[in-house]
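Take a look at the letters that make up each chain.
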Amino acid sequence: MTDLSQFPIAQKWPAKHPGLIQLYSFPTPNGVKVSIALEEMGLPYEAHRVTLADADVKSPEFLSLNPNNKIPAIIDPDGPEGEPLGLFESGAILIYLAEKSGKFLGDSARQRAHIIQWLMFQMGGVGPMFGQLGYFYKFAGSEIEDPRPRERYINEAKRLLAVVEKQLDGQDWIAGPYSIADMALAPWVRALNFYGATEVVGLPDSPNTLAWLERFTARPAVQTGLVTPPRD
């Protein structure tokens, strides 16, 4: 039987099936990237609901796996050299899982580089900028009277969305073949609806992007991943 006792997080969120990949997450745009990937890759896993409350993400147990106190994180009990591996940062997890499964990272070095390029576009651009848009447009930042923060992130979200729209012209997926880049990027573009910001950033006028989102959300693995672990 697999022993996860070296990972303090397993004390707060005990594993019922310690031989499976352990996912510690919550259904946010960042969190569902990994649950979608696990579903798409057919890798058996056990999902643990880690809320965004300080009692969870700032607990000593969670910080022992991710010192940056952000979901998602994983433990792979069958990691490299057969040793358990703990990993945080959604982009790093996606690359690791794609390599482990041999899926969704392209069929050549050229495709792999292209896919990772668009994954980094999400990690370094769309995620941080759309997240700030949500804060200043919907959440606490919306109460700030100074319009400049909102305008900055609205304009940057518009710019990034235009990059996505252009890239999808004439192709179904962001990097050519369906890949971890789509799994990373699409949940963040979907979040514009949650933020109530689709109109202000021009998503209704982005036909390539809308068709891509429809293709993405129609996938059975995506539908499961979007609600894993359950919010409640």
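Residues numbered from 1 in each chain as written. Predicted model: local features only at pLDDT ≥ 70, side-chain atom pairs only at ≥ 80, totals over all residues. Heavy atoms only, no water.

J.: Please provide a residue-by-residue account of the overall build of the chain, values included.
T.: On a plain count of helices and strands, the chain comes out with 11 helices and four strands. The C-alpha radius of gyration of the chain comes to 18 Å, within 12% of the 17 Å expected for a compact globule of 232 residues. For the chain, the spread of C-alpha atoms along the three principal axes comes to 55 × 45 × 25 Å. A total of 232 residues make up the chain; the buried ones form 49% of that total. For the chain, long-range pairs separated by at least 24 residues make up 66% of all intrachain contacts whose partners lie at least 6 apart in sequence. Carbon and sulfur atoms make up 52% of the accessible area of the chain, which amounts to about 11100 Å² in all. Here the chain contributes 21 positive and 27 negative side-chain charges, whose respective centroids are spaced 3 Å apart. (Helix = DSSP H or I, 4+ residues; strand = E, 2+ residues; numbered from the N terminus. Rg over C-alpha atoms; globule rule 2.2 N^0.38 Å. Buried < 20%, exposed > 50% of the residue type's maximum accessible area, 1.4 Å probe, protein only. Contact = heavy atoms within 4.5 Å. Areas by Shrake-Rupley, 256 points an atom, 1.4 Å probe, with all protein chains shown as cover. Lys, Arg positive; Asp, Glu negative; His and termini not counted. Charge placed at Lys NZ, Arg CZ, Asp CG, Glu CD.)

J.: Can you explain the packing of aromatic side chains? Please cite residues and give values.
T.: What the rule picks out here adds up to 10 aromatic pairs. On the basis of an interplanar angle of 80° and a centroid distance of 6.3 Å, the ring pair of Trp13 and Phe62 is categorised as edge-to-face. Of this pair, Trp13 sits in the loop between helix H1 (9-12) and strand S1 (21-25) while Phe62 sits in helix H4 (residues 60-65), placing them 49 residues apart in sequence. Phe62 matches Trp13 in its accessibility class, with the two residues each being buried. On the basis of an interplanar angle of 90° and a centroid distance of 5.0 Å, the ring pair of Tyr135 and Phe136 is categorised as edge-to-face. Three or more aromatic residues joined by ring pairs make a cluster, and in this case those are Trp13, Tyr24 and Phe62. The lysine or arginine in question, Lys138, covers the ring of Phe194, its NZ or CZ lying 3.7 Å from the ring centre. (Phe/Tyr/Trp six-rings, centres within 6.5 Å; stacked < 30°, edge-to-face > 60°. Lys NZ or Arg CZ within 6 Å of the ring centre and 35° of its normal.)

J.: An account of the sheet that holds strand S3 (residues 73-76) is requested, with residue identities and associated values reported.
T.: Read from one edge of the open sheet, four strands run S2-S1-S3-S4, paired in mixed fashion. Whereas interior strands pair on both sides, the edge strands pair on one side only; in this sheet they are strand S2 (45-49) and strand S4 (85-88). Strand-to-strand twist across the sheet, computed as the mean angle between neighbouring axes with direction ignored, equals 15°. Sheet topology places S3 next to S4; four bridges connect them, and they run antiparallel. Opposite Asp76, over in S4, you have Leu85 as the bridge partner. On the sheet, helix H2 (residues 29-41) packs against S1, S2 and S3 and is oriented at approximately 155° with respect to S1. (Pairing = 2+ DSSP bridges. Axes fitted to C-alpha atoms, helices over the stretch in contact; angles between N-to-C directions.)

J.: Give me the lowdown on the packing of helix H5 (residues 90-101) against helix H6 (residues 109-137), citing residues and values where you can.
T.: Packing of H5 against H6 leaves a shortest axis separation of 10 Å and a crossing angle of 155°. Here H5 lies roughly antiparallel to H6, going by the angle between them. When you trace H5 past H6, the crossing you get is right-handed. Residues Ser90, Gly91, Leu94, Ile95 and Glu99 of H5 form the contact with H6, whose participating residues are Arg112, Ile116, Leu119, Met120 and Met123. Grouping the amino acids of the contact of H5 with H6 by side-chain chemistry returns six nonpolar, two polar and two charged. (Parallel < 35°, antiparallel > 145°, perpendicular 65-115°, else oblique. Left-handed = near helix turned anticlockwise from the far one by under 90°. Nonpolar A, V, L, I, M, F, W, Y, C, P; charged D, E, K, R; others polar.)

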